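So the chains spell out like this:
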Amino acid sequence: MTGRVEGKVAFVTGAARGQGRSHALRLAQEGADIIAVDLAGQVASVPYPMATPEDLDQTVKEVEALDRRIVATQADVRDYGALKAALDDGVAQLGRLDIVSANAGIFSFGRAEELPEQTWQDMIDTNLTGVWHAAKAAIPHLRAGGRGGSIILTSSTAGLHGYENMAHYVSAKHGVVGLMRTLALELAPDMIRVNSVHPTSVDTDMIQNAATYALFAPDLDEKDRTKERLAERFQAINALPIPWVEPADISNAVLWLASDEARYVTGVTLPVDAGFMAK
Amino acid sequence: MPGRVEGKVAFITGAARGQGRSHAVRLAQEGADIIAVDLAGQVASVPYPMATPEDLDQTVKEVEALDRRIVARQADVRDYAALKSALDEGVAQLGRLDIVCSNAGIASFGPADELGETTWQDMIDINLTGMWHTCKAAIPHLVEGGRGGSIVITSSDAGLKGFPNLAHYVSAKHGVVGLMRTLALELAPHMIRVNSLHPTSVNTDMIQNAPTYELFAPDLAEKDRTKERLTERFQTLNALPIPWVEPVDISNAVLFLASDEARYITGVPLPVDAGFMVK
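Cut-off values and rules
- Residues numbered from 1 in each chain as written.
- Chains lettered and ligands numbered in written order.
- Predicted model: local features only at pLDDT ≥ 70, side-chain atom pairs only at ≥ 80, totals over all residues.
- Domains from an automatic or database assignment.
- Contact = placed C-beta atoms within 7 Å.
- Nonpolar A, V, L, I, M, F, W, Y, C, P; charged D, E, K, R; others polar.
- pLDDT = per-residue confidence, 0-100.
- Axes fitted to C-alpha atoms, helices over the stretch in contact; angles between N-to-C directions.
- Helix = DSSP H or I, 4+ residues; strand = E, 2+ residues; numbered from the N terminus.
- Parallel < 35°, antiparallel > 145°, perpendicular 65-115°, else oblique.
- Left-handed = near helix turned anticlockwise from the far one by under 90°.
- Pairing = 2+ DSSP bridges.
- Expected span 1.5 Å × (residues − 1).
- Buried ≥ 20, exposed ≤ 12 C-beta atoms within 10 Å, placed from the backbone.
- Arc of directions from axis to C-beta.
- Core = buried A, V, L, I, M, F, W, Y, C linked by C-beta atoms within 7 Å.

Q: I'd like to hear about the domain arrangement of chain A, residue by residue, with values.
A: Residues and elements named next belong to chain A. Domain boundaries assigned for chain A yield domain 1 (9-206 + 246-271) and domain 2 (208-243). Between the C-alpha centres of domain 1 and domain 2 the distance comes to 26 Å. In this assembly, 9 residues from domain 1 lie in contact with 8 residues from domain 2. Among the residues forming the side of domain 1 that touches domain 2, the class breakdown is 3 nonpolar, 4 polar and 2 charged.

Here it is in structure tokens:
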């Protein structure tokens, strides 16, 4: 039985772990081959450990275990030349491009007037400019295919709503919505669809770390900031009685948007957020 | 291989033809049994021919051809008791309720200051109050099941934006967004999700008729209002170069929201609109 994205090729940034790995696997489960990119390294302003080359290798293993092909390259979405080279190489090997999951992103915190210059810049460069870079590199390949395509930008509830302590993250994630809307208009004549997904907290290394716990429960002593206590805090934000969604929940939304079932869905902000935005 | 809503029961209003029939068929294809309701009759203020009992019979045939069960009843969503009675009977026969497609709706036109009292009232009663009635009847069954559930309310791009000559339709379609948001909050503790769909023009009898053609091309002589000429007009509204979407495109969105793939999506207005909203 053919998968829902059978025979298609998907470009996934931030694919070494977390949501990106999940998207790579979900799309592969449904018949796609994968071009995977990740910095697989640390950015100094990010207060939690980021992905490693071993993480990216693990994503490769898991996709190949599904009998799909994968081309994986370490590349920094801030470096357009490197990103484009990685994508071009992937398309040359796999033969086409249909889907783009611009997922790579970082997280850091601070009061708006206290954020250091570098912290701000890293965030904008990765979470906004890096998303533009991924789309920019992909567009010629999508157009060359003449089959339309689907670009999915990972924003956040922070792309639709303000949050304290992350002015740079909120700005970048809001910016991604604007980018999505313009791309949707520019690429519509080519039947290339562009949408954004807006997760609430997702159960990955980006939130399950001491720095994020301190942000969500500053009133608790460090020793009291356990996953169980933090789960209560995270849950209070959502409408559905859950603290966080799983990466697979975002992947299912990416899959739907990538598939022909959503062939006329474009320019849409899609929250996968346990009702956060409705609250 | 189990379908994406295997073993579930879906309640669909306006199921005799158009989008409603399409939802019944799509959900049945993916393993659901159907409780189908339709007025299957004419409302005087509606300027195009509405569904008939024969249409509802045809929906029954098509669902049964997929080896799924269907309980179909003629009922007016404006009549709470009749609607509730039809649903209760369907649940008694099919054993459970999981999904609600609040889809029944009408269209009519006129400038805001010239709309007749009955024309306004019929629209609010069907396109807004009828939706509340549908949800009200369903909620006890969903809560009793203890398995959560998914309510999908059919709004429109007119639920997010204004259109001339449709003040009553726009008001009702905006109203259901509010209804959706409140229901999402009230039902969240039960893990019952509530979302709204916002189609652009859909290729059904609701738009393929002389009065709608006149609305979209008032400058053309009646003899020149052919489907080809109207296709151009409809297409200018959308970003993607298509005049309208097919009922199945809305059904694919219903299916996604009804399925466990969207288990944490609630409170979301989801356009399926060829980029109309982003233009």
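Q: Give a detailed account of the confidence of the model for chain B, specifying residues and quantitative values.
A: The pLDDT averaged across chain B works out to 96; a share of 100% of its residues lies at or above 70. Interface confidence for the predicted complex, expressed as ipTM, amounts to 0.87; the pTM equals 0.92.

Q: Before we move on, could you go through the packing of helix α4 (residues 117-145) of chain A against helix α5 (residues 167-187) of chain A and cite the residues and values that matter?
A: Residue and element names in this part refer to chain A. At a closest axis distance of 9 Å, the pairing of α4 and α5 adopts a crossing angle of 20°. Relative to α5, the element α4 lies roughly parallel. The element α4 and its partner α5 pack so that their crossing is right-handed. Contacts between α4 and α5 involve Thr119, Trp120, Met123, Ile124, Asn127, Leu128, Val131, Trp132 and Ala135 from the former and His168, Tyr169, Ala172, Lys173, Gly175, Val176, Leu179 and Leu183 from the latter. For the contact of α4 with α5, the per-class residue count stands at 12 nonpolar, 4 polar and 1 charged.

Q: So what about the sheet that holds strand β7 (residues 269-272) of chain B? Which residues, and what values?
A: Residue and element names in this part refer to chain B. Spatially, the 7 strands line up as an open sheet ordered β3-β2-β1-β4-β5-β6-β7, and their pairing is parallel. Only two strands of the sheet have a single partner each, and these edge strands are β3 (70-74) and β7. In this sheet, neighbouring strand axes are inclined to one another by 15° on average, regardless of whether the strands run parallel or antiparallel. Of the strand pairs in this sheet, strand β5 (residues 149-154) and strand β6 (residues 192-199) are connected by 6 bridges, and their pairing is parallel. Across the sheet, Val152 pairs through a bridge with Asn195, a residue of β6. Where helix α4 (residues 117-145) meets the sheet, it contacts β1 (9-13), β4 (99-102), β5 and β6, and its direction lies at approximately 180° from that of β4.

Q: Go over helix α2 (residues 53-64) of chain B, please, and point to the residues and values.
A: Residues and elements named next belong to chain B. Its 12 residues give α2 an end-to-end C-alpha distance of 17 Å, which sits within 8% of 16 Å, the value for a rise of 1.5 Å per residue. Three or more residues of α2 are buried, namely Leu56, Thr59 and Val63. The buried residues of α2 all sit within an arc of 50° when viewed along its axis, so they share a single face. Residues of α2 that are exposed and point more than 90 degrees away from the buried face comprise Glu54 and Lys61.

Q: Tell me about the interface of chain B and chain A, and name the residues and values.
A: Counting from both sides, the interface comprises 31 residues of chain B and, opposite them, 31 residues of chain A. The residue inventory of the side of chain B that touches chain A, partitioned by class, reads 22 nonpolar, 4 polar and 5 charged.

Q: Any details on the sheet that holds strand β6 (residues 192-199) of chain A? Residues and values, ideally.
A: Residue and element names in this part refer to chain A. The strand order across the open sheet formed by 7 strands is β3-β2-β1-β4-β5-β6-β7, and the pairing between neighbours is parallel. If you trace the sheet from one side to the other, it starts and ends with β3 (70-74) and β7 (269-272), each paired once. In this sheet, neighbouring strand axes are inclined to one another by 15° on average, regardless of whether the strands run parallel or antiparallel. Here 3 bridges tie strand β1 (residues 9-13) to strand β4 (residues 99-102), and the two strands are oriented parallel to one another. Across the sheet, Val12 pairs through a bridge with Ser101, a residue of β4. Running over the sheet, α4 touches β1, β4, β5 (149-154) and β6 and is turned about 180° from β4. Sitting on the sheet, α5 is in contact with β5, β6 and β7, with an inclination near 160° to β6.

Q: Before we move on, can you summarise the packing of helix α1 (residues 18-29) of chain B against helix α8 (residues 247-258) of chain B with the specific residues and values?
A: All names here are of chain B. In the contact formed by α1 and α8, the axes pass within 8 Å of each other and the chain directions differ by 50°. As summarised for this structure, α1 and α8 are arranged oblique, according to the angle between their axes. α1 and α8 meet at a crossing whose hand is right-handed. Here α1 contributes Gly18, Gln19, Ser22, His23, Arg26 and Leu27 to the contact with α8, which in turn contributes Pro247, Val248, Ile250, Ser251, Asn252, Val254, Leu255 and Ala258.

Q: Describe the pairing of β7(A), listing the residues and the values that go with them.
A: Note on strand geometry: in a regular strand, side chains alternate between the two faces of the sheet. Residues and elements named next belong to chain A. What you see with β7 is no split at all: Thr269 and Pro271 on one side and Leu270 and Val272 on the other are buried throughout. When β6 meets β7, the two strands line up parallel, connected through 4 bridges. Following the sheet pairing, Pro199 is matched in β7 by Val272.

Q: Outline the nonpolar core, listing residues and values.
A: In terms of nonpolar packing, the biggest core is built from 183 residues, with Ile34(A) and Ile34(B) touching the most fellow members. Both domain 1 (9-206 + 246-271) and domain 2 (208-243) of chain A contribute no fewer than three residues apiece to this core. Excluding residues that lie within four positions of it along the chain, Ile34(B) makes contacts with Ala10(B), Ile12(B), Ala24(B), Leu27(B), Ala28(B), Val63(B), Arg68(B) and Ile70(B).

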